[in-house]
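Below, each chain spelled out in residue letters.
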Amino acid sequence: MSAYTAPSFTLATSIPQRGVSAAVLLVGVRPSEKESDKGPKVVDAQLLDKAAVKSIEAALKAVGASGSADQLTRVVVDGLPVASVLAVGLGKSDSAEAIRRAAGVAARSLDNVEILVTTLSERDVDATVQGVVLGGYRFAEFRSAKTAPKDAGLQKVTLLVGDKGRAQKDAMERGAAVATAVTTARDFVNTPPSHLFPAEFAKRAKALATAEGIEVEVLDEKELAKAGYGGIVGVGKGSSRPPRLVRLTYRGAKGKKAKTVALVGKGITFDTGGISIKPAGGMENMTSDMGGAAAVIAVALLAARRQLPIDVIATVPMAENMPSATAQRPGDVLTHLDGTTVEVINTDAEGRLILADAIVRACQDEPDYLIDTATLTGAQLVALGTRTPGVMGTDEFRDRVSAISQSVGENGWAMPLPEELRDDLKSKVADLANVTNHRNGGMLAAGHYLREFVADGVQWAHIDVAGPAYNTGGPWGYTPKGGTGVPVRTIFGVLEDIAENG
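Each value, and the rule that gives it
- Residues numbered from 1 in each chain as written.
- Predicted model: local features only at pLDDT ≥ 70, side-chain atom pairs only at ≥ 80, totals over all residues.
- Heavy atoms only, no water.
- Phe/Tyr/Trp six-rings, centres within 6.5 Å; stacked < 30°, edge-to-face > 60°.
- Buried < 20%, exposed > 50% of the residue type's maximum accessible area, 1.4 Å probe, protein only.
- Helix = DSSP H or I, 4+ residues; strand = E, 2+ residues; numbered from the N terminus.
- Lys NZ or Arg CZ within 6 Å of the ring centre and 35° of its normal.
- 1 Å grid on protein atoms, 1.4 Å probe; cavity = no way out; pocket = protein on both sides within 12 Å on 5 of 7 lines; lining within 4 Å.
- Points joined across faces, edges and corners; volume = space filled by probe spheres on them.
- Domains from an automatic or database assignment.
- Axes fitted to C-alpha atoms, helices over the stretch in contact; angles between N-to-C directions.
- Parallel < 35°, antiparallel > 145°, perpendicular 65-115°, else oblique.
- Left-handed = near helix turned anticlockwise from the far one by under 90°.
- Contact = heavy atoms within 4.5 Å.
- Nonpolar A, V, L, I, M, F, W, Y, C, P; charged D, E, K, R; others polar.
- Salt bridge = Lys/Arg side-chain N within 4 Å of Asp/Glu carboxyl O.

S.K.: I'd like a rundown of the packing of aromatic side chains, residues and numbers included.
M.R.: A complete count under the given rule lists 5 aromatic pairs for this structure. Seen from their ring centres, Phe139 and Phe142 are 6.1 Å apart, and the 40° between their planes marks the pair as tilted. Among the residues examined, Phe139 registers a relative accessible area of 19% and is labelled buried. Between Tyr369 and Phe397, the ring centres sit 4.8 Å apart and the planes meet at 40°, which makes this aromatic pair tilted. Taken together, the positions of Tyr369 in strand 15 (residues 369-374) and Phe397 in helix 12 (residues 395-407) put the pair 28 residues apart, joining distant regions of the chain. Per residue, the accessibility class of Tyr369 equals that of Phe397, and both read buried. Between Arg186 and the ring centre of Tyr137, over which it is positioned, the NZ or CZ distance is 5.2 Å.

Here it is as structure tokens:
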């Protein structure tokens, strides 16, 4: 996978006087509140020498910097033991997300810089660390020497804080762990389907999980067929590279009475649409159709790394949806793991077919909570755009998940499951059809389909990340082009909340 290595982080109460002569000092700035003074003002200026602060502000004013959100200005200032000062605008926001984005914008701009010192950490250590790691992320595994990055990227970051206490150290360690999990998910998503097919995906997931002490079970195509996973087998029939089901079990409760959380993620390693083939334009982006699987694998690893006092069981179906003489056809009927028969109207609605089997299996563990996530519907983009996941499920848990998603900066939005859409999934020959006969409310209809397979009494949330998991546009904030790692931070935030509050 990617050779990207996150920088190391240390805490300090002042700029080191040695070893940073080639470093960049990153400071946050805001627009001046005084009408008579239009220049930006350094935030958390108490961490720096007063004379240096005045020099920084004068230099920024001289080049027309304003302090508006995400604006970058780099200046050279005498009297500081660093090579240059990079100011990033915070605008008027004081949120963790504003710090995260500012750190990310800055990290993306630091080509050929190995050492960074920053005052953003005084505002929020966790957010600063996440922003720096995620903004500096790069995926260069498949680049030759002609186009590979010429520098090693950031190597060391000193976080300036007023107090180097335990809380700050904990925040630094958590931020680094969460950001690393996000980069793991990004690496999976960015790996092309020529190199990440179901068997290889399962192999890599197993290796990572085993290294963290997580129990692993992998079912191959023969075992899937014998056990009755009709959805996973049906979707994988058209490919020469057969499907897999990966189960990762982290036991954090250690015999105590604690909650069990099931995670399920869609792992379509490439999606042509099958016989209901997609248009050619943009089909290359379907390398990202395993973004949900990448996220839940990364979260399971993170739960183990952070030793959460709950049980987490990830059930990850993996298949490649291809058209061939052996592919399932529109009009075929398959049988899910629980015996439900389904008329396949559209083979491009394959994600819900593999998820349904996985949800049934996950519910056999009798979890308290179940979170599934998938790049499931184009309707998500129509309804909410490219940056806002849709969250459906049981009302209370759905709202809990969406609130946490917003608090961590992934911006999930609670969506309803109108009852009238359920009737549109009726089939003329089977228990269910895999799509409705119209396009209205497509994201919500997919949510209805999945709800059919969630066991009674399980608190459930479904997160549709069709747009947010993969950025086809230019980079912004700490988000690169390609895999974003959404919704790793949302799901992990929910696990932490369950561990603390039940």
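S.K.: Please set out the layout of surface pockets residue by residue, giving values where relevant.
M.R.: Its boundaries defined by the atoms lining it, the second largest pocket holds a volume of some 770 Å³. Around the second largest pocket, the lining comprises 35 residues; the ones closest to its centre are Tyr137, Arg138, Phe139, Ala140 and Pro480. When contributions to the lining of the second largest pocket are tallied by element, the ones reaching two or more residues are helix 2 (96-108), helix 4 (125-136) and helix 5 (166-190). For the lining of the second largest pocket, the element with the highest residue contribution is helix 4, accounting for 3 residues. In this structure, the lining of the second largest pocket is formed jointly by two domains, domain 1 (8-160) and domain 2 (180-501), each of which donates at least three residues.

S.K.: For unusual backbone geometry, give the residues involved together with the corresponding values.
M.R.: Here the amide bond leading from Val486 into Pro487 is cis, since omega sits at 10°, within 30 degrees of zero. Along the chain, the position of Pro487 falls in the loop between strand 21 (482-483) and helix 15 (488-501). A positive phi angle, close to 70°, is found at Asp70, a residue other than glycine. Mapped onto the elements, Asp70 comes out in the loop between helix 1 (50-62) and strand 4 (72-75). Since its relative accessible area comes to 25%, Asp70 is described here as partly exposed. Not every positive phi belongs to a glycine, and Asn112 is a case in point at roughly 60°. As for its position among the elements, Asn112 is in the loop between helix 2 and strand 6 (115-118). For Asn112, a relative accessible area of 60% gives the class exposed.

S.K.: Hey, could you go over the packing of helix 5 against helix 9 (residues 291-305) for me, with residue numbers and the actual values?
M.R.: Contact geometry for helix 5 and helix 9: axes closest at 8 Å, N-to-C directions at 150°. It follows from the interaxial angle that helix 5 and helix 9 lie roughly antiparallel. Seen along the crossing, helix 5 lies across helix 9 with a hand that is right-handed. Contacts from Ala177, Val178, Thr180, Ala181, Thr184, Ala185, Phe188 and Val189 in helix 5 reach Gly291, Ala294, Ala295, Ile297, Ala298, Leu301, Leu302 and Arg305 in helix 9. Residues of the contact of helix 5 with helix 9, tallied by class, amount to 12 nonpolar, 3 polar and 1 charged.

S.K.: Tell me what's going on with the pattern of salt bridges, and back it up with residues and numbers.
M.R.: Here the structure, examined in full by the defined rule, presents 32 salt bridges. For Lys41, the salt bridge identified is with Glu57, shortest N-O distance 3.8 Å. Linking Lys41 in strand 3 (residues 41-42) with Glu57 in helix 1, this pair joins segments that are 16 residues apart in sequence. Owing to a relative accessible area of 29%, Lys41 belongs among the partly exposed residues under this scheme. Classification of Glu57 as buried rests on a relative accessible area of 16%. Between Arg251 and Asp311 there is a salt bridge, with its nearest N and O atoms 3.5 Å apart. Taken together, the positions of Arg251 in strand 9 (residues 244-251) and Asp311 in strand 12 (residues 311-321) put the pair 60 residues apart, joining distant regions of the chain. Among the ionic contacts, a cluster of salt bridges with common partners joins Arg30, Asp44, Asp94 and Arg123.

From the geometry alone we can't say anything about function, so treat these as descriptive.
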